[in-house]
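# Structure assessment
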Amino acid sequence: MSKNNSAPALAGPSADPRFRAVRRRMHRLLEFLTELKGNPAALIGLLVLLFYIGMAAFAPIISPHSPVRIHLDERLLPPFWLPGGTLNHPLGTDVLGMDLLSRIIYGARISLAVGFLSVGISVIFGGILGLLAGYFRGLFDEIICRAADLLLAFPFLIFAIGVMAFMGPGFVNLILALTFKGWVEFFRLVRGEVMAEKTKEYVEAANALGVSHLRTILGEILPNIIHSVTVLGTLRLGYMIIMEASLSFLGLGIQPPTPAWGSMINAGRDYMMNAWWIATLPGIALLILVLCINLFGEGLRDLSDPRLKRN
Amino acid sequence: MLAIEQLTMIYETKRGRVKAVNKVDLSLGTGEILGLVGESGCGKSATLLTILGLVPYPGKVTGGRIIFQGEDLLQKTPAELRKIRGKEIAMIFQDPMTTLNPVFKVGEQIRESLQIHGLMNEQAEGGWFKGRKRKESEVDRVYQLMREVGIPSPEKRYFEYPFQFSGGMQQRAIIAIALACSAQLLLADEPTTALDVTIQAQILELLAKINRERETAMVLVTHNLAMAAEFCQRIAVMYAGEIVEQGPTDEVLEKPKHPYTQGLLRSIPRIGKVKQKLEPIPGTVPDLASLEDGTCPFYPRCAQAQPACLEDECTLEDVGGGHWVKCALYN
Amino acid sequence: MPCAASNPTRTKGVRILRTAKIIQRILATVPIVLGVVILVFVFMRFIPGDPVDLMMGQSGNVSRQEIADLRAQFNLDAPVYVQLYDYLGKAVQGNLGESYMEKRPVIDLIGQALPATLELSLMAILFALIVAIPIGVYSAVKQNSILDRASMGISFLGVSMPGFWLGILLMLIFSVKLGIAPTQGRIAYGTGLVKVTGFYVFDSILTGNWAALRSSLAHLILPAITLGSPTAAVVARVVRSSMLEVMRQDYIVLARAKGLREFRVVVRHALRNALIPTVTVLGTEVGALLGGNMIVETVFGWPGLGRLAVTAIFNRDYPLVQGVVMFYALVFVMANLGVDILYTYLNPKISL
Ligand SMILES: Nc1ncnc2c1ncn2[C@@H]1O[C@H](COP(=O)(O)OP(=O)(O)O)[C@@H](O)[C@H]1O
Ligand SMILES: [Mg+2]
């Protein structure tokens, strides 16, 4: 980040921008982990996120039942701590007798998969467009910017609902709907940062030395903007997970019986009088996940905010 | 009219206790102008804010008295202090560009002073249109004040926002706020530092005129000794939260006693002396959080330092003619 | 004295600049609005099958002649650009087509549902501002106090809370467990409310129907809190951080030096400045509010635009979906325009 250590070096292996980028990133990761110790909230956020990822990865091993197996003789069982509850179904069962704990564990798969995929595709798509538009400007930039402005005229959820309404529910459509609009923010962020970085001396120096455009972009600019993209990506991850749950809740996302938290909550609405846990527990899982992702994201942002660092 | 005795104000920070104002003694007569000089960070602003009772957040007054017109300001309730602030004692700030509120019209900001101190109340007789009439008389008074401080066409500029004013004009508006309630004491914290040289002279001339015509007493903070020499009857030199020398302007500038004052004088060009070598004082103002009680804070930078400086804490001693010095050399 | 020379057009200048800026801003929304309409139209054409096929799929047996008539009626045999031109021409006149299900003009259905949605949204904004601004101000003035920490913790929770789940939770607590709030709809049966404007709270005050007022407020409160909470959380955080910034400024010291009461310093001199950055986040918050509408109206059975849209989606009533989505986007664009205009009024230092 500081100009002098990235100014085009004289000779030796460190002159290779890719090599330096990797080293810089490793260094930053170490620095980051030590600094995170000073921010317990962000650390907890990261640990809980890792816990959810582990839960999703090992769902078949840790969940006590199949998430879609119907037990009509065990319908609407309460969680174990309530009268009538059993440890066989620790968090109770839903109206078809499906085990809630297993469904919540498997639900993490959907939430995280949709979240990471939609953010990931948005980052790649928006990032590439932003790099190109910000570096070369011109007509291409103009066109993409107009498109972005147009997409910004829609509230996110309305846009996603509209797209899902026309394309129909389903995992792939869901990700498409979220990325159709999701790329815009990464595009704007990357474009802005590229335009700012471009004026800095090391990029001009690289150009003067005859380094190709592509090499300049990848070797010099990219490593410098990766941090702010990571921060935005983390904060958007929580948002995308809420969007997925909202769409599934409306019946436009993942359809039952596939276990998704949003559709589970929706299914539980009809049984609030006698089985409150069906609608409540998946929501707690969702809230904790999003809360911790946001804690982690804010922690990341504070680490990168030089204003806060100074104090 | 103002007598400050042993005033101490401390910022309680994580790094330690910053003695920004340390056992300060100052006095000021009616219509008198006192210059308060010293390098940046030695507690001049802190002293003025403490007089107004506006110590910023981690600060605490830990001792001393501020006798203003026979009463100790430190004993006053917040409500009593509010009646004095802006009305009896007014303040002018260093950076006019950030001192006016950007979202209010300049005229309204001047009028607010009149309004809250209820100055125009008695001029409006009862009746349902009292408020309106009062506002009219307040606006007229604001025009008059703006004219007095040299803001041209006040009928128009009343309705402008601060960003439409130049720095000098903003400082004039701030002076108008200070004059609004005819304060007897004006605390001016480096009122010209942020301005162009030509504007500086105009603002100083304005302050001199106010002092002449209204007999307003002033404390003028500056680190410009030439300005203090021209403008003030008496000078107090401040270093690291303490007053180290105080006396009539000529005495202090012609026969400086304290090594710090001598150093300050050697570091600025003086009119009349053609061949003069400028010598800055070596070193910088110490970190006020790490000062030890009882030793002279100037000791590390002092050319005339001697073992006695580290022993007893000295007090301000009269060296004759109302000239006071705080230094082991004269104790 | 560079600035002493007076310029007689100066004060007027601010007003003219501001008007110019506003006009410029209004003009800039025209292409956006046009783009929104075209985008929604294009999306309609992208879905497999044309509207007539979709309609046929729903109404069963129809004759060939009827199908041909419908195709002609929808202009489906014309080239796409003719259709678009046709569509735009109609849209400008407020003709957004006809609902398949209700067989009524889409614009009428939107108009009918609009007051419910507006009433809910306004109440939500009101709730958000009334709660969030004092909390933000107090948290900033008493920085690091217990109340500050607590309210910032809660607002962080609010930012991360999925709206629909908050609604269900509130319903579970206040309706199911405590039984003090109704769960569905806008008003109880049998209050005999005469509908004048469609805003039930306003109508009941207008007609002096206090039973209806109580009932409509009771129905309104949980959805409004659900819808307004995320906005309240964001606003509280923004107000707090901008107040902290403003309270450090020199003009606050001057305000105190004038002898003002602390309340006046905080509310008049500081808050007025802190509202400027706050207004800019309101623009994005309107988007969240509009999206939240669909969710909250579904949860609380609120007969507004959002529920109209969701019902239309499940009925595959495409003209209605298209109309509502477009309408939402236009409201969002207008709201942002309003926010920008408000900004130029709050901030005298407009730069062109
Ligand atoms: N809010 C604060 N907290 C801690 N220390 C402070 C604060 N404000 C000022 N200081 C310290 O108090 C000392 C006096 O500051 P100031 O009165 O502004 O000096 P001057 O006006 O003479 O330049 C300085 O050393 C400064 O670092
Ligand atoms: Mg100062």
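What you see is a predicted model; the values in this text were computed from it and never measured. Position numbers for residues count from 1 along each chain, tracking the sequence in the order it is written. Starting at A for chains and at 1 for ligands, labels are handed out in the order in which the entities are written. Residue-level local features of this predicted model are given only where pLDDT is at least 70; pairs of side-chain atoms are given and counted only at 80 or more, and the full residue set underlies all totals for whole chains, interfaces and linings. With hydrogens and water excluded, all non-hydrogen atoms of the structure serve as input to the side-chain values.

## Structural notes on the overall build of chain A
- Under the DSSP-based scheme used, a helix requires at least four consecutive residues in state H or I and a strand at least two consecutive residues in state E, with every element numbered from the N terminus. For chain A, the helix and strand inventory stands at 13 helices and zero strands.
- The linear arrangement of helices and strands in chain A, starting from the amino end, is α-α-α-α-α-α-α-α-α-α-α-α-α.
- Under the scheme applied here, a residue whose accessible area is under 20% of the maximum for its type counts as buried, over 50% as exposed, and between as partly exposed, the area being computed with a 1.4 Å probe on protein chains only. Out of the 311 residues in chain A, the part that is buried amounts to 52%.
- The contact criterion used is simple: two residues touch if any of their non-hydrogen atoms lie within 4.5 Å. Counting only contacts in chain A whose residues sit at least 6 apart along the sequence, the fraction spanning at least 24 positions is 72%.
- Residue-level accessible areas treat just the shown protein chains as cover; the underlying method is Shrake-Rupley with a 1.4 Å probe. A total of about 14000 Å² of accessible surface is found on chain A, and carbon and sulfur atoms cover 68% of it.

## Some points on the site of ligand 1
Residues and elements named next belong to chain B.
- The rule for a residue being near a molecule or strand is that one of its heavy atoms must lie within 4 Å of it. Among the 13 residues in the neighbourhood of ligand 1, the closest are listed as Gly41, Gly43, Lys44, Ser45 and Ala46.
- What qualifies as a polar contact is a pair of N or O atoms within 3.5 Å, subject to a donor-acceptor requirement within protein and to the restriction that residues adjacent in sequence count only when both atoms come from side chains. Tyr11 is positioned with one of its side-chain polar atoms (N or O) 3.4 Å from a nitrogen atom of ligand 1.
- Note that an oxygen atom of ligand 1 is positioned 2.6 Å from one of the side-chain N or O atoms of Ser45.
- Protein contact buries 67% of the 560 Å² of open area that ligand 1 shows by itself.
- Elements that contribute at least two residues to the shell around ligand 1 include exactly strand 1 (2-13) and helix 1 (44-51).
- No other element matches the three residues that helix 1 contributes to the shell around ligand 1.
- Side-chain classes are defined by residue name, with Ala, Val, Leu, Ile, Met, Phe, Trp, Tyr, Cys and Pro counting as nonpolar, Asp, Glu, Lys and Arg as charged, and the others, Gly among them, as polar. Of the residues assigned to the shell around ligand 1, the class counts are six nonpolar, five polar and two charged.

## Digging into the UniProt feature "transmembrane region" (unreviewed entry) in chain A
All names here are of chain A.
- UniProt positions are given in the numbering used here, feature names are shortened, and annotations may be inferred rather than shown by experiment. Per the UniProt entry, the sites bearing "transmembrane region" (unreviewed entry) are residues 41-62, 110-136, 156-180, 237-255 and 275-297 in this numbering.
- Secondary structure content for residues 110-136 is 100% helix and 0% strand, while the C-alpha to C-alpha distance between its ends is 38 Å.
- Span residues 156-180 is 88% helix and 0% strand, its end C-alpha atoms 10 Å apart.

## What to know about the packing of aromatic side chains
Residue and element names in this part refer to chain A.
- Each pair of aromatic rings taken from Phe, Tyr and Trp, with Trp reduced to its six-membered ring, is defined by centres within 6.5 Å and is described as stacked if the planes are under 30 degrees apart, edge-to-face if over 60, and tilted in the remaining cases. The tally for this structure, following the rule as stated, stands at 16 aromatic pairs over all chains.
- Here Tyr52 and Trp261 contribute two aromatic rings whose centre-to-centre distance is 6.1 Å and whose plane-to-plane angle is 80°, an arrangement assigned as edge-to-face. Remark: Trp261 occurs in helix 11 (residues 261-268) and Tyr52 occurs in helix 3 (residues 40-57); sequence separation between them is 209 residues.
- Here Tyr52 falls in the buried class, since its relative accessible area comes to 5%.
- A centroid spacing of 5.7 Å and a plane angle of 65° characterise the contact between Trp183 and Phe187, whose relative ring orientation is edge-to-face. Taken together, the residues span about one helical turn, with Trp183 and Phe187 both in helix 8 (residues 171-198) at a distance of four residues. Each of the two residues, Trp183 as well as Phe187, counts as buried.

## A look at the UniProt feature "domain: ABC transmembrane type-1" (unreviewed entry) in chain A
- The UniProt record marks residues 108-297 of chain A with the feature "domain: ABC transmembrane type-1" (unreviewed entry), using the residue numbering of this structure.
- Strand forms 0% of residues 108-297 of chain A and helix 83%; the C-alpha atoms that close the span are 19 Å apart.

## Considerations on unusual backbone geometry
- A cis geometry characterises the amide bond from Pro256 of chain A onward to Pro257 of chain A, with omega recorded as 10°.
- With respect to the element layout, Pro257 of chain A can be found in the loop between helix 10 (213-249) and helix 11.
- Even without a glycine there, the phi angle at Ser153 of chain B is positive, about 35°.
- Looking at where Ser153 of chain B falls in the secondary structure, it is placed in the loop between helix 5 (130-148) and helix 6 (154-157).
- If you check the backbone angles, Ser182 of chain B has positive phi at about 50° while not being a glycine.
- Among the secondary structure elements, Ser182 of chain B is positioned in the loop between helix 7 (167-179) and strand 7 (185-189).
- Look at Ser182 of chain B and you get partly exposed, because its relative accessible area is 41%.

## Focus: the nonpolar core
- To form a nonpolar core, buried Ala, Val, Leu, Ile, Met, Phe, Trp, Tyr and Cys residues must be joined to one another through side-chain atoms within 4.5 Å. Ranked by internal contacts, the top residues of the largest apolar core, which has 139 residues, are Tyr52, Leu247 and Trp261 of chain A together with Val36 and Phe164 of chain C.
- In terms of residues, this core owes the most to one element, helix 5 (residues 100-136) of chain A, which gives 13 residues.
- If sequence neighbours within four positions are ignored, Tyr52 of chain A has contacts with Ala108, Leu112, Trp261, Ala285, Ile288 and Leu289 of chain A.
- Formed by 102 residues, the second largest nonpolar core is a distinct cluster that contains Tyr11, Leu48, Leu119 and Val139 of chain B.

## Examining the interface of chain B and chain C
- Tallying the contact residues gives 36 residues for chain B and 29 residues for chain C.
- Of the roughly 3000 Å² buried where chain B meets chain C, counting both sides, 61% is carbon and sulfur surface.
- The quantity reported as buried area is the accessible area (1.4 Å probe) lost by two parts once they are put together, taken as the sum for both. Of all residues in chain B, Arg82, Val103 and Glu112 of chain B give up the largest surface area on contact with chain C, accounting jointly for 18% of the area buried on that side.
- Salt bridges are defined by distance alone: a side-chain nitrogen of Lys or Arg within 4 Å of a carboxyl oxygen of Asp or Glu. Close ionic contact of Glu112 of chain B with Arg268 of chain C constitutes a salt bridge, the shortest N to O distance being 3.4 Å.
- Seen at the junction of chain B and chain C, the total is eleven residue pairs in polar contact (both at pLDDT 80 or more).
- Breaking the side of chain B that touches chain C down by element, the ones donating at least two residues are helix 3 (96-99), helix 4 (106-116), helix 6, helix 7 and helix 8 (197-214) of chain B.
- Among the elements that line the side of chain B that touches chain C, the one with the most residues is helix 4 of chain B, at five residues.
- For the side of chain B that touches chain C, the per-class residue count stands at 16 nonpolar, twelve polar and eight charged.

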